[in-house]
Amino acid sequence: MPISAGSEALRLDGVVSGYEPGVDVVRGASLRALAGAITIVIGPNGAGKSTLLRTIFGFLAPRAGTITSGDFELGGLPPHRIKALGIGYIPQQINIFPSLSVEENLKMGAWTLRGRRATIAERLDAVYDIFPALAEKRNHRSSSLSGGQARMLSVAREMMTQPQIILVDEPTAGLAPSVVPQVYAILTQARTATNAAILLVDQNVEGALEIADYVYVLDLGRVRADGPIAEFSLERTRELIRASLRG
Amino acid sequence: MALGITFIYSIVRLINWAMGAFYMVGSYLQFILVTQVFGVDRWWLAVPCSVALVFVLGALLEPILIRPMFAGNVERKDEYATVVTIALLLFMTAVASGISGPYQRTPGSNLGTIVLGPLPVSGARFAALVVALVALGLFYLFIKRTWLGMALRAAADSRTGVQIAGVDLARIDQFAFGGGVALAALAGALLAPVFLVFPTNGAMTTTKGFEIIIIGGLGSIPGALAGGLLLGVVESLGTVLIAPQYQNAYGFLLVLLILLVRPVGLFGKRLREV
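As the structure is a computational prediction, the values presented were derived from the model and not from experiment.

A few points about the side chain of Glu-170 of chain A
Residue and element names in this part refer to chain A.
Point 1. For Glu-170, the location among the structural elements is in the loop between strand 7 (165-169) and helix 8 (180-193).
Point 2. Despite being buried, Glu-170 has no salt bridge partner; Lys-49 is the closest side chain of opposite charge, sitting 4.9 Å away.
Point 3. In terms of polar contacts, Glu-170 uses its side chain to reach the backbone amide nitrogen of Gln-203, at 3.3 Å.

Written out as structure tokens, the structure reads:
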């Protein structure tokens, strides 16, 4: 089982965070993500799933609790420092730079590697191998991409640094059903190819359960249930989310 | 000048009303460097020095005055930026008046009148045009060919996106503000022998800068270039064909026309839908 095989890549203890002063959205969440495994966080709307990822990536500072990766305390660091530690974040919105070409977008993904031409050329080739559609349009403005291709580009951009921890927020939201398996395939590939720890927030419970190794159910900013994938059948998971909605 | 305003706006998302003050500082630095250090024959050495000094000034002021806009809970960012930059404009103008008095000065020029075809042109004006074109070319190469230039364009697209890519956004803002005011200083230094050096000499160029922005579209760099050209042509044609006294009025008429026909400017994007 990958769970016992992986070492702990990311650990959250009692994390509290939110946007408005005095209003906590994440209220004491504790969880961990292992290397070479996909950890999913599911829960009803408003459970604090996206806020949790934004807090890990440094867009929000935790009000209490600790976020650690190896020996590093991440809480309070700005996003660019967290990125430099080998953590990637794929936000829910399609995240591309429309006025830049497709290739420039990918190069921006390799910002922390700038100056290492050979490495960047290598990674570009690797990305183009996986996404021939992007290779075809490499010199086009990225605003000319279709919605699915733009999503591919925002995922591919984060793969340029081969991060050791990947935070993924709703990767299939708003995608054509035919593209969804492709997105999940990229994530499972990152798990095996670079032994990355993947923390995936998803509304698409069915699709996410298929690739997950470990499950957390988040409700009102706290972990309500967790366990290896074997303990989470689709029926039990749906029932847990329904129970959260009833309160 | 217009390029500087649009450059800062497109990245930092604020309109810097103090651009005229940085134009003024650029012209004073040029005056001081030419008269005290380099001498009138080496004015072309003084220009990059003045520009570099204003870049440093801008980069030092940005963390103090502009950054608080993004930290903490500033509720009305636009109003904050307007108040802070107008205050800065008044402050810098007042300091300049205090130090230099209301006198109009000139660094002088070693360039005589040159004749372009049938037109006699003052050498200083022609030099300003040439240096400005070279500077634009360098600016374009910098924006298109370097990592930092690419990050600046990316930041203009998405401030969140560049942070996700691992760019230190605070540094980008600082650089963009310094670079933008340095462009104003370039205009000030180049035009010092033409429009003279005094504490409020930035006012007319700031007005022209904003006219160009309205014509070309806020936040669009090609718009700033096209707007500048169009404004110059319209003012000159009006001067020759109608009456020279109203030179500045023709530009404002063009602005009114653009606002009626295409309020976002020639290259502008609609930011808010009703």
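A word on the confidence of the model for chain B
Point 1. Overall, the predicted model of chain B reaches an average pLDDT of 82, with 90% of residues at or above 70.
Point 2. For chain B, helix 1 (residues 2-12) of chain B is the element with the lowest average pLDDT, namely 66, and helix 7 (residues 159-164) of chain B is the one with the highest, namely 92.

As for the packing of helix 9 (residues 202-216) of chain B against helix 11 (residues 247-261) of chain B
Residue and element names in this part refer to chain B.
Point 1. Interhelical geometry of helix 9 versus helix 11 gives an angle of 30 degrees and a closest axis separation of 9 Å. By the criterion of interaxial angle, the relationship of helix 9 to helix 11 is roughly parallel. Between helix 9 and helix 11 lies a crossing of left-handed hand. Taking contact as the criterion, the partners of Met-204, Thr-207, Lys-208, Glu-211, Ile-214 and Ile-215 in helix 9 are, on helix 11, Asn-248, Gly-251, Phe-252, Leu-254, Val-255, Ile-258 and Leu-259.
Point 2. The class makeup of the residues in the contact of helix 9 with helix 11 is eight nonpolar, three polar and two charged.

Remarks on the domain arrangement of chain B
Point 1. Segmenting chain B into domains produces domain 1 (2-200) and domain 2 (202-274).
Point 2. Using C-alpha coordinates to define each centre, domain 1 of chain B is positioned 20 Å away from domain 2 of chain B.

Some remarks on the pattern of salt bridges
A side chain of one charge can pair with a side chain of the opposite charge when the charged atoms of the two come close.
Point 1. The final tally for this structure, using the stated rule, is 14 salt bridges over all chains.
Point 2. Across the pair Arg-63 of chain A and Asp-24 of chain A runs a salt bridge, and its minimum N-O distance is 2.8 Å. Taken together, the residues span a long stretch of sequence, with Arg-63 of chain A in the loop between helix 2 (49-56) and strand 4 (64-69) and Asp-24 of chain A in the loop between strand 1 (8-17) and strand 2 (26-34) at a distance of 39 residues.
Point 3. Given the relative accessible area of 31%, Asp-24 of chain A is considered partly exposed.
Point 4. Close ionic contact of Arg-153 of chain B with Glu-104 of chain A constitutes a salt bridge, the shortest N to O distance being 2.8 Å. Of this pair, Arg-153 of chain B sits in helix 6 (residues 147-157) while Glu-104 of chain A is found in helix 4 (residues 102-109), placing the two residues in two different chains.

What counts as what
Residues numbered from 1 in each chain as written. Chains lettered and ligands numbered in written order. Predicted model: local features only at pLDDT ≥ 70, side-chain atom pairs only at ≥ 80, totals over all residues. Heavy atoms only, no water. Helix = DSSP H or I, 4+ residues; strand = E, 2+ residues; numbered from the N terminus. Buried < 20%, exposed > 50% of the residue type's maximum accessible area, 1.4 Å probe, protein only. Lys, Arg positive; Asp, Glu negative; His and termini not counted. Salt bridge = Lys/Arg side-chain N within 4 Å of Asp/Glu carboxyl O. Polar contact = N/O pair within 3.5 Å; in protein donor to acceptor, adjacent residues only side chain to side chain. pLDDT = per-residue confidence, 0-100. Axes fitted to C-alpha atoms, helices over the stretch in contact; angles between N-to-C directions. Parallel < 35°, antiparallel > 145°, perpendicular 65-115°, else oblique. Left-handed = near helix turned anticlockwise from the far one by under 90°. Contact = heavy atoms within 4.5 Å. Nonpolar A, V, L, I, M, F, W, Y, C, P; charged D, E, K, R; others polar. Domains from an automatic or database assignment.

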